[in-house]
Amino acid sequence: SEMCIRDRVSTQSTWGLLRFLMRAIVLCVLIVLSQAVTIPMADTYHLMTDAECLKKMFTRMVFRGYQSIGKVDPYIQKNLELATKAGIVADVYMNPCFFCGKPEVQVAELTDSLKAHKINMIWVSIEGSWSMDAAKNQLFAKGLVAALQAKSIKVGIFTFAPTWARIMGKDFSGLSELPLWYVRWNENPEPDDFIPFGGWTKPAAKQYQAEETECGIDVDYDSFYSSQKIFHQFNTVSSLLIFNICLLYTSPSPRDATLSRMPSSA
């Protein structure tokens, strides 16, 4: 009968609507990706004279903690004290000395000097004078990293492609699980010039300008790329349903860097 046909059509429509709703609920999945947020950073081997001034320019600073002559930097404790007081996020970079003794001894010397201070992480600098034997250099660098990690310290690597190839060998990727701070002096704070090397596919930081005088001391300009969860939400409206589709934005794929060096490396 006509009524039965209408009932059958109504039932089919109801089931169709329910199926649509169920699919919509399943499809409304929150997808979260990381978008790099550029944080202004600087590094220096000088004693800060005006931390409050530097704080206005840089959210994060990296101070030399260990010299390539095999000694703790004489300014590191004072710099960390001033940074903490000013509210600056403080990192330390280590210029190890391949010819000055075991890596774990150098790490102990550095970390002993930092016990009274809060630091975010230590960057191991791969540049300068190392041996001519890449295998020995690799073992030494791994020893430094292992000694730092044994003390529950977050570790990163400062280097750039040509120096990495010379010291570690261009095919060595044994430290690529660590954050990379690379160099290209082109006055561009963004990592769109990065080309993968050493197993790294993206950088954590970039040094893009060297030896600029700010607030009474020489600093190098850097950028730190912080991963931040971003949600882009759009409303899709139909006569039957309002639901949210969560869309994701990804940061552009980085391309490569050219050679340079950290001037704060003595």
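Residues numbered from 1 in each chain as written. Predicted model: local features only at pLDDT ≥ 70, side-chain atom pairs only at ≥ 80, totals over all residues. Heavy atoms only, no water.

Engineer: Explain unusual backbone geometry here, please?
Structural biologist: The phi torsion of most residues other than glycine is negative, and most of the peptide bonds are trans. Located in the positive-phi region is S152, a residue other than glycine, with phi close to 60 degrees. Its location among the elements puts S152 in the loop between α5 (134-149) and β6 (155-158). Accessibility expressed as a relative area gives 69% for S152, which makes it exposed. (Helix = DSSP H or I, 4+ residues; strand = E, 2+ residues; numbered from the N terminus. Buried < 20%, exposed > 50% of the residue type's maximum accessible area, 1.4 Å probe, protein only.)

Engineer: Mind showing me how you'd approach the pairing of β6 here?
Structural biologist: Remark: a regular strand shows side chains that alternate across the two faces of the sheet. The side-chain alternation of β6 yields two buried faces, one formed by V155 and I157 and the other by G156 and F158. In this sheet, β6 lies alongside strand β5 (residues 122-125) in parallel orientation, the contact comprising four bridges. In the strand pairing of β6, S125 is matched with F158. Assessed by its sense of winding, the connection that carries the chain from β5 through α5 to β6 is right-handed. Here two bridges tie β6 to strand β7 (residues 180-183), and the two strands are oriented parallel to one another. Bridge pairing in β7 places I157 opposite L180. (Pairing = 2+ DSSP bridges. Right-handed = clockwise from strand over helix to strand, strands pointing away.)

Just geometry here; none of it tells us what the structure is for.
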